[in-house]
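If you want the building blocks of each chain, they are given just below.
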Amino acid sequence: MVRIRWCGHSYFLLEGGGVRIAIDPHDGGSLGIQTCYAEADIVLVTHDHYDHNAVEVASGASSIVVKWREGRYKLRGIDVEGIKFYHDKARGALRGETIAYKVSLEGLTVVHLGDIGHIPSEDDIAKLSNIDILMIPVGGVYTIDHLEAWTIISTIKPRIAIPMHYWIPGALTPLNPIDRFLNIVKTQRVRLETRELELSKETLPQKTTIVVYPY
């Protein structure tokens with residue numbers, strides 16, 4: 001069983017196999033939203049922007065912190081792969097690079113796309129095939145927008161797609177709200193009542209399902 005908690009923006013906490021993983025922690029206040037403190041065993045940072053790299057709120061003395069690292073490696077017994085993408089459509093000339101993390105946890109494959117700003121190439125799409133859970137930005141402005149997000153989801157066909165990096169009430173970031181994305185989605189969706197989701201291989205839906213966390 002894997003427990004996935006959303007802390008707003010692109011910050012997620014994953015728990016499974018006795019390991020807690022934080023991805024793209026923010027400090028809350030800089031974004032105008034709540035701070036989500038944790039002491040994760042592993043902290044993964046996709047790129048060096050203030051709203052994704054606040055490792056101090058998610059790490060402790062024994063935490064392993066990995067910043068925008070490509071390649072395959074094992075952390076605390078967990079298989080991780082970092083895949084390089086760009087934060088814009090100009091191969092990083094505007095906003096630099098971002099790393100997507102592919103994590104294998106309790107039999108599930110989870111991908112966090114970071115601040116991807118373009119449609120992946122065919123080769124990169126192949127690296128993202130056969131995944132169970134996809135965390136994908138949908139708010140546009142600094143990343144892919146709702147239309148591009150849906151194109152990627154439709155191509156990859158994850159079992160679960162979790163939208164992130166969109167405007168939420170109180171947030172200072174000028175992103176688009178999630179409704180723009182949900183209005184074009186052509187698959188089933190689930191709105192959670194809490195900010196935690198528990199999943200196992202056995203409980204995954206057969207058809208791609210959009211999971212929306214409350215905030």
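As a reminder, the structure under discussion sits directly above these lines.
The model shown is predicted, which means the values in this text are computed figures rather than measured ones.

Quick notes on the rules
- Residues numbered from 1 in each chain as written.
- Predicted model: local features only at pLDDT ≥ 70, side-chain atom pairs only at ≥ 80, totals over all residues.
- Heavy atoms only, no water.
- Pairing = 2+ DSSP bridges.
- Helix = DSSP H or I, 4+ residues; strand = E, 2+ residues; numbered from the N terminus.
- Axes fitted to C-alpha atoms, helices over the stretch in contact; angles between N-to-C directions.
- Phe/Tyr/Trp six-rings, centres within 6.5 Å; stacked < 30°, edge-to-face > 60°.
- Buried < 20%, exposed > 50% of the residue type's maximum accessible area, 1.4 Å probe, protein only.
- Salt bridge = Lys/Arg side-chain N within 4 Å of Asp/Glu carboxyl O.
- Core = buried A, V, L, I, M, F, W, Y, C linked by side-chain atoms within 4.5 Å.
- Contact = heavy atoms within 4.5 Å.
- Polar contact = N/O pair within 3.5 Å; in protein donor to acceptor, adjacent residues only side chain to side chain.

A. The sheet that holds strand 6 (residues 71–75), seen in detail. The 8 strands lie next to each other as 6-7-8-9-10-11-14-12, forming an open sheet whose pairing is mixed. Unpaired on one side and paired on the other, strand 6 and strand 12 (188–191) mark the two borders of the sheet. Averaged over all adjacent pairs, the angle separating strand axes in this sheet is 25°, with direction ignored. Where strand 12 meets strand 14 (residues 209–212), 4 bridges bridge the pair, whose relative direction is parallel. Following the sheet pairing, Arg-191 is matched in strand 14 by Val-212.

B. Spotlight on the packing of aromatic side chains. In total, this model carries 4 aromatic pairs according to the counting rule given. Both rings, one in Trp-6 and one in Tyr-213, keep their centres 6.1 Å apart while their planes meet at 55°; by these two values the pair is tilted. One end of the pair, Trp-6, is in strand 1 (residues 2–6); the other, Tyr-213, is in the segment after strand 14, and 207 residues separate them in sequence. Both residues of the pair, Trp-6 and Tyr-213, belong to the buried class.

C. View of the pattern of salt bridges. Per the counting criterion, the structure on display carries 11 salt bridges. Asp-124 is the partner of Lys-127 in a salt bridge, and the nearest nitrogen-oxygen pair spans 3.7 Å. Residue Lys-127 and its partner Asp-124 are both found in helix 1 (residues 122–127); the two are separated by 3 residues, about one turn of the helix. Classification of Asp-124 by relative accessible area gives buried; the value is 14%.

D. Highlighting the pairing of strand 4 (residues 40–45). Taken across its 6 residues, strand 4 has 5 buried, putting it largely inside the fold. Across 3 bridges, the pairing between strand 3 (residues 19–23) and strand 4 is parallel. Paired with Ala-22 across the strands is Val-43, a residue of strand 4.

E. Expanded view of the nonpolar core. Core analysis: the biggest nonpolar cluster contains 61 residues, and Ile-21, Leu-44 and Leu-113 have the highest contact counts within it. Apart from residues no more than four positions distant in its own chain, Ile-21 is found in contact with Phe-12, Leu-13, Leu-14, Ala-40, Ile-42, Leu-44, Ile-78, Val-103 and Leu-105. Formed by 13 residues, the second largest nonpolar core is a distinct cluster that contains Tyr-11, Ala-22, Val-43 and Val-57.

F. Representation of helix 2 (residues 146–156) within the structure. Among all positions in helix 2, only His-146, Glu-148, Ala-149, Trp-150, Ile-152, Ile-153 and Ile-156 are buried. Considering only its buried residues, helix 2 is in contact with helix 1, strand 10 (133–137), strand 11 (160–164), helix 3 (179–182) and strand 14. Looking at where helix 2 begins, the residue whose side-chain oxygen comes 3.1 Å from the main-chain nitrogen of Leu-147 is Asp-145. Looking one or two places after helix 2, you find Lys-157, whose phi comes out positive at around 55°.

G. Structural view of the side chain of Glu-81. With respect to the element layout, Glu-81 can be found in strand 7 (residues 78–86). On the basis of relative accessibility, which here comes to 14%, the residue Glu-81 falls in the buried class. In this structure Glu-81 touches Gly-71, Arg-72, Ala-100, Tyr-101 and Lys-102, once residues within four positions along its chain are discounted.

H. Inspection of unusual backbone geometry at higher detail. Residue Asp-24 is not a glycine yet carries a positive backbone phi of 55°. Among the secondary structure elements, Asp-24 is positioned in the loop between strand 3 and strand 4. A positive phi angle, near 55°, is found at Asn-130, a position not held by glycine. With respect to the helices and strands, the residue Asn-130 is situated in the loop between helix 1 and strand 10.

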